[in-house]
Amino acid sequence: MPGGHTQTLRPFLWRASKLYGDTEIVSRNHDGMSRQTYAEYADRTARLANALDEHGIEQGDRVGTFCWNTDRHFETYFAVPSMGGQLHTINPLLPDEHIRYIVEDANDEVIFVDPSLAEKIAGAADGAEEFEGVDFVAMGEEPIEALDAPAYETFVDGHDADYDWPDLDDDQPAGMCYTSGTTGKPKGVEYTQSMLWSHTMMSLSPQGIPMADDDVVMPVVPMFHVNAWGMPFTATAGGSKQVFPGPSPNAEHLATLIEEEGVTVTAGVPTVWLGLMEYCEENDPDLSSLERVIVGGSAAPESMIRWFDDRGVELLHAWGMTEMSPIGSVAHLKSDLEDEEYETQLEKRSKQGLMAPGLEFKIIDEDGNRIAWDGEEFGELYVRGPSVTKEYFKRPDANEEDFENGWLKTGDVVSVDPDGYLKIVDREKDVIKSGGEWISSVELENAVMAHDDVSEATVIGVPHEKWQERPVAFVVPTEDADRDTLDDEILEMLGDEYPKWWLPDAVEYIDEVPKTATGKFSKKDLREQYTGSMELHEGSAPEDAAPSR
Ligand code: ADP
């Protein structure tokens, strides 16, 4: 509906600044803690929009961010979409080649860069034609010379705290985030105003991940990862105090912020909470303000739900996808299960949960039939709804594969029990998810096979206690290969091209890669054959390059 601004983000901020003008937005920044109120935030957002106007940003232009979870990053969240621009949050943990690809694909006009990530983006941009014409702004009070980037505070300084926000169509693109493809390049997902509006309203509902004006919300899931699961929008709509944990927060930072700011709701991947649990065993932070922890991105272990239960904190297990903005299902306990035994309840809450209101799903087995809701049969999960994308950005090939008659094919294999709880039992997509971030197994195995002394290779994800999955390479060496040095050579070669956290934890020699009847690599067989007996080197996953934590 042209000019209707019925389903756009801006009224959420308008309401927060009018009704909760004194409520705080707190951020751990590289140069210390900062605080502002929603009233001040609204002014700064308008200043930023005016600054972007002056910089030449017009409706439909893309503005990139290469940032951690901070208040300035949050300012771009409302300023850019509300002026009719499209906020493209770039994942700084990706290999340089992927970063170059998505900056060119999205055609970003300007990119806001966190100072701690300046070196990373400068490395990716160095001599790269994909970055031609891109301007940078440094997220802080100091410029970044190497990027010719003025300081954010200088960029917005002197601009008016009023902005004549345009009326926007509901289907105006507002956001953008890339997700990893099984093969080939990352796939862009565009979020329209109404997709983000619908996602926010769905999240606010009691069956979503609700946040209200008595909540203090801290998204640990990165803001470059599907808008931190939409939490900054939901928290604003709910009038919550917001706490941004800043660059690479560790368990101690998180515990301190929970204690000092009185955080009630937080969210992140299991790896983050395993870190916090470990920290709590040795230290004794006061987590008594915490009411709910939303855990998703990978399966939440049952022991984690128990751990939080023991401390009076509700762990809400959620499932979602970049393509879904991203919340899909949340494992709330249905009211008619409240009198059940704790163990029965735990079994339900450990599943990926109940589809959130507004969304629909169907589960299709190998023969193309819908499965029974018996918790036994399984098939591929298909979803659709107002917050689910209908297509990828400029990728007809991927659209053909991943969409069918308006349904998104999730690539997740699930069962559903008679109560409607979905449970992920397998994944069809050939990717590895480590600490909440994707590693392309296909890309790694192609790189390994480029070594002259490798005749065949495959890479699979094996279960790992802390990172959920880690890559392991299985290699068939050629006859002349020197088996004493080949594994190190392979890792060194991969290290030249990929971030440390992508590197396989082990390189195992095998005689042959198991094949399916049609001659394809059978990773399933390999997984079954090896994962039980494998012991990964303790601590081999790189701590320093660790994603999402
Ligand atoms: P996000 O990490 O925000 O959920 P991605 O698009 O990166 O979004 O990943 C989506 C995929 O992650 C899902 O299709 C599924 O394979 C996996 N996933 C997400 N949540 C869970 C969960 N709670 N349990 C198991 N797998 C999950």
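Residues numbered from 1 in each chain as written. Predicted model: local features only at pLDDT ≥ 70, side-chain atom pairs only at ≥ 80, totals over all residues. Heavy atoms only, no water.

1. Quick word on the nonpolar core
So, point 1. Counting 107 residues, the largest nonpolar core has Leu 52, Phe 112, Trp 273 and Val 383 as its most contacted members.
So, point 2. The biggest single contributor to this core is helix H2 (residues 38-55), with seven residues.
So, point 3. Not counting residues up to four positions away in its chain, the partners in contact with Trp 273 are Val 220, Thr 266, Ala 267, Gly 268, Val 293, Ile 294, Val 295, Met 304 and Phe 308.
So, point 4. In this structure, Phe 66, Leu 94, Phe 224 and Tyr 498 belong to the second largest nonpolar core, which totals 48 residues. (Core = buried A, V, L, I, M, F, W, Y, C linked by side-chain atoms within 4.5 Å. Buried < 20%, exposed > 50% of the residue type's maximum accessible area, 1.4 Å probe, protein only. Helix = DSSP H or I, 4+ residues; strand = E, 2+ residues; numbered from the N terminus. Contact = heavy atoms within 4.5 Å.)

2. Some details on the packing of aromatic side chains
So, point 1. For the coordinates displayed, the defined rule picks out 17 aromatic pairs.
So, point 2. Considering the side-chain rings of Phe 78 and Phe 233, the 5.5 Å spacing of their centres and the 85 degrees angle between planes classify their relative orientation as edge-to-face. Here Phe 78 is found in helix H3 (residues 71-82), whereas its partner Phe 233 is found in helix H9 (residues 231-238), with 155 residues between them in sequence.
So, point 3. Under the relative-accessibility criterion, Phe 78 is labelled buried at 1%.
So, point 4. Among the residues examined, Phe 233 registers a relative accessible area of 3% and is labelled buried.
So, point 5. Measuring from centroid to centroid gives 6.4 Å for Trp 501 and Trp 502, while their planes differ by 75 degrees, and the two rings are edge-to-face.
So, point 6. Residue class for Trp 501 comes out buried when judged on its relative accessible area of 2%.
So, point 7. Over the ring of Trp 307 we find Arg 311, and its NZ or CZ is 3.8 Å from the ring centre. (Phe/Tyr/Trp six-rings, centres within 6.5 Å; stacked < 30°, edge-to-face > 60°. Lys NZ or Arg CZ within 6 Å of the ring centre and 35° of its normal.)

3. Some remarks on the sheet that holds strand E14 (residues 327-330)
So, point 1. Judged by pairing direction, the sheet is mixed, and its nine strands sit side by side in the order E2-E1-E10-E9-E11-E12-E13-E14-E15 without closing on themselves. Whereas interior strands pair on both sides, the edge strands pair on one side only; in this sheet they are strand E2 (32-37) and strand E15 (354-355).
So, point 2. As judged from the two bridges shared by strand E9 (residues 216-219) and strand E10 (residues 241-244), these two strands associate in the parallel manner. Residue Val 216 lies in a different strand from E10, and its bridge partner there is Lys 241. (Pairing = 2+ DSSP bridges.)

4. A word on the sheet that holds strand E5 (residues 108-113)
So, point 1. Pairing is mixed across the open sheet formed by six strands, whose spatial order is E6-E5-E3-E4-E7-E8. With one partner strand each, in any of the chains shown, strand E6 (135-138) and strand E8 (187-192) form the two edges of the open sheet. Averaged over all pairs of adjacent strands, the angle between their axes in this sheet comes to 25 degrees, without regard to strand direction.
So, point 2. In this sheet, E8 lies alongside strand E7 (residues 173-179) in antiparallel orientation, the contact comprising six bridges. (Axes fitted to C-alpha atoms, helices over the stretch in contact; angles between N-to-C directions.)

5. Examining the domain arrangement of the protein
So, point 1. Each domain of the protein was delimited in the assignment, giving domain 1 (10-23 + 38-196) and domain 2 (432-533).
So, point 2. Relative placement of domain 1 and domain 2: their C-alpha centres are 36 Å apart.
So, point 3. Listed by partner, the interface residues are ten residues for domain 1 and ten residues for domain 2.
So, point 4. Our count for the domain 1 to domain 2 interface comes out at three residue pairs in polar contact (both at pLDDT 80 or more).
So, point 5. Class assignment for the residues of the side of domain 1 that touches domain 2 results in three nonpolar, six polar and one charged. (Domains from an automatic or database assignment. Polar contact = N/O pair within 3.5 Å; in protein donor to acceptor, adjacent residues only side chain to side chain. Nonpolar A, V, L, I, M, F, W, Y, C, P; charged D, E, K, R; others polar.)

6. Thoughts on the confidence of the model for the protein
So, point 1. Per-residue pLDDT for the protein has a mean of 94; in total, 96% of the residues score no lower than 70.
So, point 2. Here helix H17 (residues 523-530) is the element of the protein with the lowest mean pLDDT, 80, and E10 is the one with the highest, 99. (pLDDT = per-residue confidence, 0-100.)

7. A look at the pairing of E5
So, point 1. Counting buried positions along E5 gives five out of six residues, so the element sits mostly inside the fold.
So, point 2. Here five bridges tie strand E3 (residues 62-66) to E5, and the two strands are oriented parallel to one another. Note on E5: the bridge partner recorded for Phe 66 is Val 113.
So, point 3. Two strands pair when backbone bridges link them, and E5 and E6 are joined in this way by four bridges, in the parallel orientation. Bridge pairing in E6 places Ile 111 opposite Phe 136.
So, point 4. Remark: the E5/helix H5 (residues 118-125)/E6 crossover connection has right-handed handedness. (Right-handed = clockwise from strand over helix to strand, strands pointing away.)

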